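Below are the chains, spelled out letter by letter.
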Amino acid sequence: MEMYETLGKVGEGSYGTVMKCKHKNTGQIVAIKIFYEKPEKSVNKIALREIKFLKQFRHENLVNLIEVFRQKKKIHLVFEFIDHTVLDELQHYCHGLESRRLRKYLFQILRAVDYLHSNNIIHRDIKPENILVSQSGITKLCDFGFARTLAAPGDVYTDYVATRWYRAPELVLKDTSYGKPVDIWALGCMIIEMATGNPFLPSSSDLDLLHKIVSKVGNLTPHLQNIFSKNPIFTGVVLPQVQHTRNARKKYPKLNGLLADIVHACLQIDPAERMSSPELLHHEYFTRDGFIEKFIPELRAKLLQEARVNSFIRPKTYCKENEFKDDERKIVYNNTLLSSSFWGKEMEKEKKPKEIKVRVIKVKGGKGDISELKKTEYEVEHCRQDGMEDAHAVSEDTRPASSEPASPVNSSTDSSGMKEDAQSGGYMTMPPINPACGNLMTANLNSNLSHPNPRWRTQADSDRVPHCRPGGSPV
Ligand code: ADP
């Protein structure tokens, strides 16, 4: 942490605090997630899971991990700093986001989800506070503490605690065979919240949530009803049988027609009936009036603009020789606007990596040994962010606290398994150009610094307080 100047707190969850910081040498603004030092192993597990995923999976719509280090037994994750979250916007726009903005955000969120799902990863904690939004409107999914690889048939997921309001019925009922559709359900709940400003299923207990699901969405399938009946927690409880219209637009009258359709496609009680992420990306809500054709170039331009100043797109020149030695550790970076023709014709034009000018400051030794490269080739298959061999490198959090400077987990490994970095501070780029923040950012920062976020996930409960009208209103 000696390399960073702390600017303030931007977030706090049940597992750690997120601080806005500035790199003392480069001036780069970053977000450092400092995991609590808790006796429970779960914190380490959550941190290691997050590191593991973020190191392996890279996408323009996922937050970028810059480096990892441990100091005084606490694991620190250094991310690119992203301006605010969707939740911040919802607190500002109490009646929901304007429809054009909403569509742009949803498209990008779905790209992130689709990327994860195509790599057999489920995020398991999709919610407004986990969607970061840059000043230019690029959304990035964050918080991979609950992400995991899809279980093989017969495997059972260990229990986990995610935010209740976005939990799919199969999760609430602890059906052990859930999968990608849990993210689609959460997405459906979040779309309603983003469109109306009110959380769709705010609930204070699992039973409360189930009751709301049945009343607002649909009756349990026979399979889920069976699990419910066998669960001793629900002994003697009978859920109401509700007649629901099959017409999406009648069911969600406050949503614009196509948005109601897309929500309906996400919020199916039977996970098998929920639309998949590729299907959602090709939903008429996105394809109508040439939205994708118009938005892709806009998004690409913004991404390239941000790439010029962000460190995550690091020129190949900086790769250490053996960084790609182990194929398994290659960063999975596909389906991206900058690297594939996934989006058809539009992308064909951009198939070849472009040569763009990236001004990169290379910091050696963290002490001002700076060399500058003025022109580099833009690489679509990026270098790995750091050289951490595997997540276990920081897993043994058993050493006594030390007052030694932090060791970025970057290159060589010391005897305790911690990486020590010859180039303290890792590779950093110039800081993003941050134009004067608008009201939103000012409001956001003030609120974050002055009082705690009422929507923190708590291990015991994971409830949140509605941010506009208590209890929300029917959609
Ligand atoms: P936790 O797992 O403890 O909930 P998160 O990763 O969800 O931590 O981050 C908590 C909050 O910190 C987010 O909701 C957001 O407000 C802020 N935050 C997280 N990452 C960043 C980032 N890269 N840039 C700016 N703010 C961030």
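If you're wondering where the values come from, they're calculated on a predicted model, not measured in any experiment.

Attention now goes to the site of the ligand. Surrounding the ligand, one finds 18 residues, the nearest of these being Lys33, Glu80, Ile82, Glu129 and Asp143. One nitrogen or oxygen atom from the main chain of Glu129 is found 2.7 Å from an oxygen atom belonging to the ligand. Here an oxygen atom of the ligand and a side-chain polar atom of Asn130 are 3.0 Å apart. For the ligand, whose unbound accessible area comes to 550 Å², protein coverage reaches 92%.

Moving on, we get to the pairing of strand S4 (residues 65-71). With seven of seven residues buried, S4 lies mostly within the body of the structure. Relative to strand S5 (residues 74-80), S4 is paired through six bridges, and the arrangement is antiparallel. Pairing of Val68 across the sheet is with Leu77, part of S5. Turn length for the S4-S5 hairpin, with the two strands adjacent in sequence and antiparallel, is two residues, and the turn residue Lys72 shows positive phi of about 45 degrees.

Across the chain, the average pLDDT comes to 73, with 64% of residues at or above 70. Note that residues 340-462 has pLDDT below 50 and, in this model, 298 contacts with residues that lie over four places away or in other chains. The low-confidence segment residues 469-474 (pLDDT under 50) makes nine contacts with residues lying over four places distant or belonging to another chain.

So, about unusual backbone geometry. Within the chain, Lys72 stands out as a residue other than glycine whose phi angle is a positive 45 degrees. Among the secondary structure elements, Lys72 is positioned in the loop between S4 and S5. At Arg124, a residue that is not glycine, the phi angle is positive and equals roughly 70 degrees. Inspection of the secondary structure assignment puts Arg124 in the loop between strand S7 (121-122) and strand S8 (131-133).

So, on to the packing of helix H3 (residues 99-118) against helix H5 (residues 181-196). Between two packed helices, the angle of one axis relative to the other and the distance separating the axes together describe the packing. Two numbers describe how H3 lies on H5: the axes approach to 12 Å, and their chain directions differ by 170 degrees. In terms of axis orientation, H3 runs roughly antiparallel to H5. On H5, the residues that touch Leu102, Tyr105, Leu106, Ile109, Leu110, Val113 and His117 of H3 are Asp183, Ile184, Leu187, Met190, Ile191, Met194 and Ala195. Here the residues of the contact of H3 with H5 are counted per class, giving 12 nonpolar, one polar and one charged.

A few words on the pairing of S5. Among the seven residues that make up S5, six are buried, leaving the element largely enclosed by the rest of the structure. Relative to S5, strand S3 (residues 29-35) runs antiparallel, the two being bridged by five bridges. For Ile32, the partnering residue across the bridge sits in S5 and is Val78.

Applying the stated rule across the entire model yields 11 aromatic pairs. Measuring from ring centre to ring centre gives 6.2 Å for Phe57 and Tyr115, while their planes differ by 75 degrees; the resulting arrangement is edge-to-face. You can see Phe57 sitting in the loop between helix H1 (41-56) and S4 and its partner Tyr115 sitting in helix H3, a full 58 residues away along the chain. Overall, Tyr115 belongs to the buried group, its relative accessible area being 0%. The interplanar angle of 20 degrees and the centroid separation of 4.7 Å between the aromatic rings of Phe228 and Phe234 together place this pair among those described as stacked. With a relative accessible area of 5%, Phe234 lands in the buried category. Cluster of aromatic residues (ring-pair linked, three or more members): Phe107, Tyr285, Phe286, Phe291 and Phe295. For Lys52, the ring lying beneath its charged end belongs to Phe53, and the centroid distance is 5.6 Å.

Cut-offs applied
Residues numbered from 1 in each chain as written. Predicted model: local features only at pLDDT ≥ 70, side-chain atom pairs only at ≥ 80, totals over all residues. Heavy atoms only, no water. Near = heavy atom within 4 Å. Polar contact = N/O pair within 3.5 Å; in protein donor to acceptor, adjacent residues only side chain to side chain. Areas by Shrake-Rupley, 256 points an atom, 1.4 Å probe, with all protein chains shown as cover. Buried < 20%, exposed > 50% of the residue type's maximum accessible area, 1.4 Å probe, protein only. Helix = DSSP H or I, 4+ residues; strand = E, 2+ residues; numbered from the N terminus. Pairing = 2+ DSSP bridges. pLDDT = per-residue confidence, 0-100. Contact = heavy atoms within 4.5 Å. Axes fitted to C-alpha atoms, helices over the stretch in contact; angles between N-to-C directions. Parallel < 35°, antiparallel > 145°, perpendicular 65-115°, else oblique. Nonpolar A, V, L, I, M, F, W, Y, C, P; charged D, E, K, R; others polar. Phe/Tyr/Trp six-rings, centres within 6.5 Å; stacked < 30°, edge-to-face > 60°. Lys NZ or Arg CZ within 6 Å of the ring centre and 35° of its normal.

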